Amino acid sequence: MTKNIKLILKIIILILGFYLGHKFYYLYKYQVSNKTIPSYTEFIKLLSNTHTVTIEVKNEENVNYLELNNIKIRNDQELDLKLVENETYSQKYETYDENGEILYAIWISGPEENFIEEFINDSKQASGGIYKKYYEENNVYDLISLIKYLAKNTDKKANIFTSTREIEWLYTMNALVGSIFENAEDLFFIEGTYQGIMFTYKSSNQKSILINKDGKNYGINFIGLDYFTDEYISELLETLIIE
């Protein structure tokens with residue numbers, strides 16, 4: 001074996017060693033697990049057990065509405081809801097017991113910007129710009145499509161053949177969604193008139209709905225699940241109008 005061949009082999013070994021060391025560093029630093037993402041195991045269980053509910057909006061006449069900007073939902077008189085907070089993009093309607101505690105409430109918000117789209121188009125964002133192709137390749141354009149992607153790819157793991165950019169992207173997206181649903185106990189995809197998600201925080205006695213329409217996000221929170229049953233919430237969502 002000539003000196004030149006030995007030198008070439010040494011260079012190849014050094015390059016390979018550097019590559020593997022660099023890749024293992026990234027796999028360790030950006031590992032998607034309980035070590036790096038709180039309650040990751042529970043988060044994966046949630047994504048692995050999603051459900052779908054179909055909501056078709058029905059036209060009703062002589063209806064009173066709770067209204068905010070271009071969103072409104074039926075207001076049943078027996079709820080006796082009082083407006084307690086009125087901001088530009090959010091309103092809170094609540095009913096209290098004799099001790100001043102919330103019996104039940106409906107909180108409305110929107111329209112809000114699609115922050116996932118901002119990530120995609122802003123090259124200065126740590127999770128966007130340079131990772132734009134991963135959003136596009138996986139049809140991720142908002143939070144709802146991101147959650148659907150992760151739900152379909154719960155078994156996808158990075159390995160030494162995964163690019164460092166994709167390793168970072170997978171970690172960032174799992175960490176982002178994991179933080180949102182850290183205490184959620186169920187997850188439904190909404191189909192029909194609108195596309196969205198619905199999930200329950202039983203520890204805080206509320207069910208949250210996120211709707212995406214024309215690139216904008218709209219939120220509705222129902223507090224008081226003893227009163228707002230799944231059937232009643234579905235009935236109210238059938239009156240939801242986003243113009």
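This one's a predicted model, so the numbers in the text were calculated from it and none came from an experiment.

> Which residues make up the pairing of strand β10 (residues 216-223), and what are the values?
Within β10, seven of the eight residues are buried, which leaves the element mostly enclosed by the surrounding structure. Both strand β6 (residues 102-113) and β10 contribute to a ladder of seven bridges, which runs antiparallel. When the bridges of β10 are listed, A105 appears paired with I223. Two strands pair when backbone bridges link them, and strand β9 (residues 206-213) and β10 are joined in this way by eight bridges, in the antiparallel orientation. Of the residues in β10, the one forming a bridge with Q206 is I223. The antiparallel pairing of β9 with β10 creates a hairpin that spans two residues between the two strands, and D214 there sits at a positive phi of about 55 degrees.

> I'd like a rundown of the pairing of strand β2 (residues 65-68), residues and numbers included.
Both faces of the sheet carry side chains from a regular strand, because those side chains alternate between them. A one-sided burial pattern is seen for β2, the buried positions being L66 and L68 and the unburied ones Y65 and E67. Where β2 and strand β3 (residues 71-74) come together, four bridges link them in antiparallel fashion. Bridged to L68 within β3 is I71. Hairpin geometry of β2 and β3 is characterised by an intervening segment of two residues between the two adjacent antiparallel strands and by a positive phi of about 50 degrees at N69.

> Any chance you could break down the sheet that holds β9 for me, citing the residues and the numbers?
The mixed open sheet is built from eight strands, whose spatial order is β1-β7-β8-β9-β10-β6-β5-β4. Since the sheet does not close on itself, it has two edges, and those belong to β1 (51-55) and β4 (82-86), each with one partner. Strand-to-strand twist in this sheet, taken as the mean axis angle between neighbours without regard to direction, amounts to 20 degrees. In this sheet, β6 lies alongside strand β5 (residues 90-96) in antiparallel orientation, the contact comprising seven bridges. Of the residues in β6, the one forming a bridge with S90 is S109. Its contacts with the sheet place helix α5 (residues 143-152) against β7 (187-192), β8 (195-201) and β9, and it is angled at close to 120 degrees to β7.

> Could you give an account of helix α1 (residues 3-29), naming the residues involved and the relevant values?
Between its first and last C-alpha atoms α1 spans 38 Å; for 27 residues at 1.5 Å apiece the expected length is 39 Å, and the two agree. Along α1, the residues that are buried comprise K23, Y26 and L27. Residues of α1 that are buried sit in contact with α6 (164-180).

Calculation rules
- Residues numbered from 1 in each chain as written.
- Predicted model: local features only at pLDDT ≥ 70, side-chain atom pairs only at ≥ 80, totals over all residues.
- Heavy atoms only, no water.
- Buried < 20%, exposed > 50% of the residue type's maximum accessible area, 1.4 Å probe, protein only.
- Helix = DSSP H or I, 4+ residues; strand = E, 2+ residues; numbered from the N terminus.
- Pairing = 2+ DSSP bridges.
- Axes fitted to C-alpha atoms, helices over the stretch in contact; angles between N-to-C directions.
- Contact = heavy atoms within 4.5 Å.
- Expected span 1.5 Å × (residues − 1).

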